[in-house]
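Structural overview for review
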Amino acid sequence: MKSNNIVYEKLDYDVFNKRINDSLEDERLIKLGISKNPLGYTFYGYELFELTIGSGKHDLFIVGGTHGSEIIGVDFVTQLINNIPNLEDYDPNLLTIHIIPNQNPEGYDITTQTMKDINNDNLNKESYDYYLRYRIDNLINNYLKVLDKKFNNIKDILITPQVFINIIKESFKDISWSNLIDSKRGIKELSLYQNIFSNLDSYDNYSDLFKDIKIRIDNLSSRVSNPYFKSAIKRIELSLLSNELQNIIMSKNYIYLNKNIGERLYQDKFKDNNITNTKSEELSKNVSEVFNKLNIPKGSQIKFDPNGNFVNLNKNRVDNKGIIDMLNNNIIYGITPSNNILDNTDGPIGKPTIDANNFTYSYENIVLKDLLDKSYEKGRLLGTILYHSTGGVIYSKPHDDTDRVDLLTKYNNALAEVYVESSDYKIVKEGENTGYGDYLRSTFPGVLLIELSKMGGNPIGPYGDTNNYNLTIDSNIKAVNDLIKRCNEIILNNEVIEPSNKI
Ligand SMILES: [Zn+2]
């Protein structure tokens, strides 16, 4: 396979549209019959569309951008289009690829406008800073949970040096997040790293604490030969000892008043960026009014997942438990580090439907389901890949109540197992029916929901490490080729699951 052409750049709605237009004018894609088909408009007038490539009698669907803040999904899908001519197993006469590159342009526009001060020159630095902030928010919030259990509903906490040490120690008891720091594979020896933080004495100031940690890290670093372990140590050193983070911690003595209110570092970074400049002025205006009225934390719009009507497209399912929370006015907070934001209501997390008393599917979801319905009814549908952003996992299992669950499970697992060969993702074996992705997976054959980046921190955390970024994009392009190869076999062996094909 020709090596993939990967572009690392700062995204916004204009860059997205430019990428689409460039693809439509690309000679290689024109030869493959690329065309753009309108699917109507969102509430705020953003264009919805699909691109189709090839003219085969069978369909593979690819969807990005369900959640507004998950920009690496849109990024990946638009780069995949550009690399389709390089896929050695793609036969345009056998398979038509349908691509909805940005299912939720409203959420995407709000998120990317919030990061408007970031440009291609500082993208890496700012993304890494954001990633660190997000990680520290997670660590502190997880530690607060531990404290909360020990001391029953703590109200206030002052992040003193000793508390900071405890947070680090606590966080390295569970090294799963540290594995994510490595840009290639998890590193077993990271457990050694915990020793650095044992026997740290009490400190009354941060400078002495940071100095001591640095000495310990340098000592360990000089004794290690495994290059992956070495690079992980380097990254942890940077994450704990970056000047900027030290300055923030030292200057603020970070006070988290309560686990559900108070500041978050990831929000703090964008607290002065008002919601402005979206393509629809109405969208900016209405969303900022709601933010002001409901006192939603400033800067939290950097992670804006729903559409402009605050409907979270993946929660947009009649069985979603958030509907009951809406009906009962339950006070529910998001998960850490967004646990200072109310969930299942207007805000950057979003709700399952506009009005809980009158459930409706969102237009963005209806157009997708219509396409899948038509393809399935004609016996053309091979599969659908829904690209989300962070976690490095694949959801493939349909819900147990699903018609023909065993047949679909077997079919989906075979696709997922092909996909993980290049991507090295974990396959999630449990099936739900509460999210829209789950609903599609329980309705159509071959629906995979993929969490792309192993680095956390939407929207820009995954851009904090260019090696990790390149590996994510590159390995997923390869994985799509592998999946297409499997699709070819499904077609040739007549293994296509059709609606009439009941068992
Ligand atoms: Zn998502």
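Computed from a predicted model, the values in this text were never measured in an experiment.

**Looking at the sheet that holds strand β7 (residues 381-390)**
Taking strand neighbours across the sheet as the criterion, the eight strands line up as β1-β2-β4-β3-β7-β10-β8-β9 in an open arrangement whose pairing is mixed. Edge positions in the sheet fall to β1 (35-41) and β9 (426-428), since each has one partner strand and no second. Along the sheet, successive strands turn relative to each other by an average axial angle of 20°, direction set aside. As judged from the six bridges shared by strand β3 (residues 58-64) and strand β4 (residues 95-100), these two strands associate in the parallel manner.

**Brief notes about the pattern of salt bridges**
By the definition in use, this model includes 25 salt bridges. Ionic pairing is found between D14 and K279, a salt bridge with its closest N-O pair at 3.2 Å. Note that D14 is positioned in helix α1 (residues 13-25) and K279 in the loop between α12 (265-268) and α13 (281-293), a separation of 265 residues in sequence. Of the residues examined, D14 reaches a relative accessible area of 44% and is grouped as partly exposed. Its relative accessible area of 52% is what places K279 among the exposed residues. The shortest N-O distance in the salt bridge between D59 and R380 comes to 2.7 Å. Taken together, the positions of D59 in strand β3 and R380 in the loop between α15 (363-377) and β7 put the pair 321 residues apart, joining distant regions of the chain.

**Thoughts on the nonpolar core**
Ranked by size, the top nonpolar core spans 94 residues in total, and within it Y387 and Y419 carry the most contacts. With sequence-adjacent residues up to four places away left out, Y419 is seen in contact with I385, Y387, I394, Y425, I450, N476, A479, V480 and L483.

**So, the confidence of the model for the protein chain**
Taken residue by residue, the protein chain gives an average pLDDT of 87. The fraction at 70 or more is 87%. Considering only residues more than four positions removed or in separate chains, one finds that residues 175-187, a stretch of pLDDT under 50, has 36 contacts.

**Considering the coordination of the zinc ion**
Note on the zinc ion: its protein donors are H67 (ND1), E70 (OE), E70 (OE) and H388 (ND1). The metal-donor distances range over 2.1 to 2.4 Å. Geometry at the zinc ion is irregular, judged from its four donor atoms and the angles of 56 to 143° they form at the metal. When the donors of the zinc ion are listed by position in the chain, the intervening gaps give H-x2-E-x317-H. In this pair, the class of H67 matches that of E70, namely buried.

**A look at the side chain of T384**
On the secondary structure map, T384 appears in strand β7. Ignoring anything within four residues of it in the chain, the contact list for T384 reads L60, F61, V63, L372, G446, V447 and L448.

**Focus on the pairing of β4**
The buried count for β4 comes to six of six residues, which makes it a mostly enclosed element. The alternating pattern of β4 places L95, I97 and I99 on one face and T96, H98 and I100 on the opposite face, and all of these are buried. Bridge analysis of strand β2 (residues 47-53) against β4 gives three bridges, and the strand direction is antiparallel. Opposite L51, over in β4, you have I99 as the bridge partner. In this region the chain leaves β3, passes through helix α3 (residues 71-83) and returns to the parallel neighbour β4; the handedness of that crossover is right-handed.

Parameters and conventions
Residues numbered from 1 in each chain as written. Predicted model: local features only at pLDDT ≥ 70, side-chain atom pairs only at ≥ 80, totals over all residues. Heavy atoms only, no water. Pairing = 2+ DSSP bridges. Helix = DSSP H or I, 4+ residues; strand = E, 2+ residues; numbered from the N terminus. Axes fitted to C-alpha atoms, helices over the stretch in contact; angles between N-to-C directions. Salt bridge = Lys/Arg side-chain N within 4 Å of Asp/Glu carboxyl O. Buried < 20%, exposed > 50% of the residue type's maximum accessible area, 1.4 Å probe, protein only. Core = buried A, V, L, I, M, F, W, Y, C linked by side-chain atoms within 4.5 Å. Contact = heavy atoms within 4.5 Å. pLDDT = per-residue confidence, 0-100. Donors = N, O, S within 2.8 Å, 3.2 Å for Na, K, Ca; no water. Tetrahedral: all angles 85-135°; square planar, octahedral: opposite > 155°, others 65-115°. Right-handed = clockwise from strand over helix to strand, strands pointing away.

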